[in-house]
Amino acid sequence: MTELIADRNQWMALLRLEVPVIDEQHNHLLGLVCGFDPADPSDKARLLLMEILRYTREHFRMEEELMTEAGYPHLAGHRNLHDDLLKEAVRFAVRDLSSRLVRQEFHDFLRDWLTNHVLQADRALADFLRESRGSSHGAA
Ligand SMILES: [Fe+2]
């Protein structure tokens, strides 16, 4: 999995869910994560971390709205996963980002979380959305 992040396009191909509104936001999120370079000791790390938190909140809100509109049966569980992730991510905002180790931890946390969450929880949601759209509108 670690090698995949070296190539953003390959990583995105792995995570593509064929629900354009979700894929576009995941792609943007991947871009932010790939732009976070643990080796860079400058203030950029904090700015990027704050932007990742802001965008992730926005993205989660969008997914939760989609789930509500579609009557997704696993909304509560999926929302709990989002809340847990945000809590864990916010913990990095109060840590010392001048430490290379902390920056690396944050980077690895995001990479692993994003990959696992998209491949499991978001994939289940995407399957549901495609199926429900297919049955109600005759097209995926
Ligand atoms: Fe999600």
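First things first, this report covers the structure right here in the doc.

Conventions and cut-offs
Residues numbered from 1 in each chain as written. Predicted model: local features only at pLDDT ≥ 70, side-chain atom pairs only at ≥ 80, totals over all residues. Helix = DSSP H or I, 4+ residues; strand = E, 2+ residues; numbered from the N terminus. Rg over C-alpha atoms; globule rule 2.2 N^0.38 Å. Buried ≥ 20, exposed ≤ 12 C-beta atoms within 10 Å, placed from the backbone. Contact = placed C-beta atoms within 7 Å. Core = buried A, V, L, I, M, F, W, Y, C linked by C-beta atoms within 7 Å. Axes fitted to C-alpha atoms, helices over the stretch in contact; angles between N-to-C directions. Left-handed = near helix turned anticlockwise from the far one by under 90°. Nonpolar A, V, L, I, M, F, W, Y, C, P; charged D, E, K, R; others polar.

1. A few points about the overall build of the chain
Part 1 of the reasoning: Assigned secondary structure in the chain consists of six helices and zero strands.
Part 2 of the reasoning: When the helices and strands of the chain are read in sequence order from the N terminus, they spell out α-α-α-α-α-α.
Part 3 of the reasoning: Its C-alpha radius of gyration of 16 Å places the chain within 12% of the 14 Å reference for a compact globule of 140 residues.
Part 4 of the reasoning: With the principal axes as the frame, the chain shows a C-alpha extent of 50 × 30 × 20 Å.
Part 5 of the reasoning: Buried positions account for 17% of the 140 residues belonging to the chain.
Part 6 of the reasoning: Long-range contacts, defined here as pairs at least 24 residues apart, represent 67% of the contacts in the chain between residues at least 6 apart.

2. Side note on unusual backbone geometry
Part 1 of the reasoning: Positioned with a positive phi, E18 is a non-glycine residue whose angle comes to about 65°.
Part 2 of the reasoning: Note on placement: E18 falls in the loop between α2 (8-15) and α3 (20-35).
Part 3 of the reasoning: What makes E18 exposed here is the crowd of 12 C-beta atoms within 10 Å.

3. A short note on the nonpolar core
The nonpolar side chains of a soluble globular protein tend to be buried, and buried together.
Part 1 of the reasoning: Grouped together as the largest cluster of nonpolar side chains are 13 residues, with contacts concentrated most on V33, L49, I52, F106, L110 and L114.
Part 2 of the reasoning: When residues of this core are traced back to their parent elements, those giving at least two are α2, α3, α4 (44-70) and α6 (100-137).
Part 3 of the reasoning: A total of four residues in this core trace back to one element, the largest contributor, which is α6.

4. Considerations on the packing of α2 against α3
Part 1 of the reasoning: One way to put it is that α2 packs onto α3 with a least axis distance of 10 Å and a crossing angle of 145°. Crossing geometry of α2 relative to α3 is assigned as right-handed. Side by side, α2 and α3 meet where R8, W11, M12 and L15 of the first sit next to H26, N27, L30, G31 and C34 of the second.
Part 2 of the reasoning: Taken together, the residues that form the contact of α2 with α3 break down as five nonpolar, three polar and one charged.

5. Focus: the environment of V33
Part 1 of the reasoning: With respect to the helices and strands, the residue V33 is situated in helix α3.
Part 2 of the reasoning: The exposure class of V33 is buried, given the 21 C-beta atoms found within 10 Å.
Part 3 of the reasoning: For the pair formed by V33 and R111, sequence separation is 78 residues and the distance between their alpha carbons is 7.3 Å.
Part 4 of the reasoning: Contact partners of V33, with chain neighbours within four places excluded, come to I52, L110, R111 and L114.

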